[in-house]
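# Understanding the architecture of this molecule
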Amino acid sequence: RLDSQVSAGGLPAKLINGGIAGLIGVSCVFPIDLAKTRLQNQQNGSRLYTSMSDCLIKTIRSEGYFGMYRGSAVNLTLVTPEKAIKLAANDFFRQYLSKDGQKLTLVKEMLAGCGAGTCQVIVTTPMEMLKIQLQDAGRIEAQRKLMPETVVPGTAPTKSPTAMQLTRELLKEKGIAGLYKGLGATLLRDVPFSIIYFPLFANLNDLGKRGAEGPAPFYVSFLAGCLAGSTAAVAVNPVDVIKTRIQSMNRGSTEETYSGVTDCISKIMKNEGPSAFLKGAYCRALVIAPLFGIAQVVYFFGVGEYILSFLPGN
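The shown structure was predicted, so the numbers you read here are calculated from the model rather than taken from an experiment.

## Let's talk about empty space enclosed by the protein
To find leftover empty space, a probe the size of one water molecule is rolled over the atoms. According to the stated counting rule, one finds one cavity of 30 Å³ or more in the structure shown. Of the volumes computed, that of the largest cavity is approximately 280 Å³. For the lining of the largest cavity, the secondary structure elements donating two or more residues are helix 1 (10-41), helix 3 (72-97), helix 4 (106-146), helix 7 (183-207) and helix 11 (281-301). Residue classes in the lining of the largest cavity are distributed as ten nonpolar, three polar and ten charged.

What follows is the structure in structure tokens.
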């Protein structure tokens, strides 16, 4: 039953499917994700980039082609468990809430999505925390060169840290809580995202089924994943802006710092207006749409089951 994303191979196959989908998706869309982070972190008075394309062009000019992949190693390492947890948890909750294989009601579909979004933040929060620091490092250095008035006077250029260096520093200074800065904002983003995405995907996918019981063609699953993903991404973008701002540690001299979600909302509204909550929305939609479209195609073809079939005992 593809509508509930249940794979015949059980949990191991789901984990493999989710991991492969995440790796392929992140590799394809990471530069757009970098642009999203840098656009969201721009505040009034320190606007270095005017659009996604402008951000990517300036990034290549100042940091080279691979500058667009700052922080990708963190994502590629942790996206497998993150996507695996999310997709497998949704399957688990859908099966748990289903009675005798009957189609779930919309409320139960939303509950299953809520459970999946809650589970994934275990991995998502530290992954995004590290990724944002690495992605935004180039923006700060570009501001130093092109907009020196936005940089704190007397500060020397800093070499871009590695993920391991950041992890050690955060653990040393703040313990495990340092890696979970922005946990509340991450929950506020990922739980509503999953509540919107999973029911919307299941119902869109159902529209393309061949007959009452037959699966939908793979291209229907891909399009349903893209549409559901982009819709959910834009819907929760305001919280994503808040999460990005809270998790960013490096600031220019003219940029605000935030103590929490309510403080962040208040300062953004006061200094930048409501439109600031839509920063990077189209970038986020461009990131999420293919990411989840690819995930559904991987599930459709049962890549996880195929890989497991080569293991001893299968």
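Next comes the rest of the account.
## Remarks on the environment of Ala-21
Of note, Ala-21 is situated in helix 1. Overall, the relative accessible area of 2% leaves Ala-21 in the buried class. Along the backbone, Ala-21 and Ile-294 are 273 residues apart, and their C-alpha atoms lie at a distance of 5.9 Å. What Ala-21 contacts, discounting residues up to four positions off in sequence, is Leu-291, Ile-294, Ala-295 and Val-298.

## Description of the UniProt feature "transmembrane region" (unreviewed entry) in the protein chain
UniProt's feature table lists "transmembrane region" (unreviewed entry) at residues 15-35, 178-198, 218-239 and 285-308, given in the numbering used throughout. What you have in residues 178-198 is 86% helix and 0% strand, and the ends, taken at the C-alpha atoms, are 31 Å apart. For the annotated span residues 218-239, helix accounts for 95% and strand for 0% of the residues, and the straight-line distance between the end C-alpha atoms is 32 Å.

## Overview of the nonpolar core
In a soluble, globular protein the nonpolar side chains are often hidden away together inside. One finds Met-52, Phe-193, Tyr-197 and Ile-288 to be the most contacted residues of the largest nonpolar core, which totals 36 residues. If you list the elements that add at least two residues to this core, you get helix 1, helix 2 (52-63), helix 3, helix 4, helix 7, helix 8 (218-235) and helix 11. Here the element with the most residues in this core is helix 11; it accounts for nine residues. Here Ile-288 is in contact with Phe-193, Gly-229, Ser-230 and Ala-233, once residues within four sequence places are set aside. Within the second largest apolar cluster, nine residues are counted, among which are Val-241, Ile-246, Ile-268 and Phe-277.

## Structural notes on the packing of helix 7 against helix 8
Running from N to C, helix 7 and helix 8 cross one another at 155°; their axes reach a closest spacing of 8 Å. On the basis of their axis angle, the class for helix 7 and helix 8 is roughly antiparallel. At the point where helix 7 passes helix 8, the crossing takes the right-handed sense. For the pair helix 7 and helix 8, the contacting residues are Phe-193, Ile-196, Tyr-197, Leu-200, Phe-201, Leu-204 and Asn-205 in the first and Val-220, Ser-221, Ala-224, Gly-225, Leu-227, Ala-228, Gly-229, Thr-231, Ala-232, Ala-233 and Ala-235 in the second.

About the thresholds
Residues numbered from 1 in each chain as written. Predicted model: local features only at pLDDT ≥ 70, side-chain atom pairs only at ≥ 80, totals over all residues. Heavy atoms only, no water. 1 Å grid on protein atoms, 1.4 Å probe; cavity = no way out; pocket = protein on both sides within 12 Å on 5 of 7 lines; lining within 4 Å. Points joined across faces, edges and corners; volume = space filled by probe spheres on them. Helix = DSSP H or I, 4+ residues; strand = E, 2+ residues; numbered from the N terminus. Nonpolar A, V, L, I, M, F, W, Y, C, P; charged D, E, K, R; others polar. Buried < 20%, exposed > 50% of the residue type's maximum accessible area, 1.4 Å probe, protein only. Contact = heavy atoms within 4.5 Å. UniProt positions renumbered as here; feature names shortened; annotations may be inferred. Core = buried A, V, L, I, M, F, W, Y, C linked by side-chain atoms within 4.5 Å. Axes fitted to C-alpha atoms, helices over the stretch in contact; angles between N-to-C directions. Parallel < 35°, antiparallel > 145°, perpendicular 65-115°, else oblique. Left-handed = near helix turned anticlockwise from the far one by under 90°.

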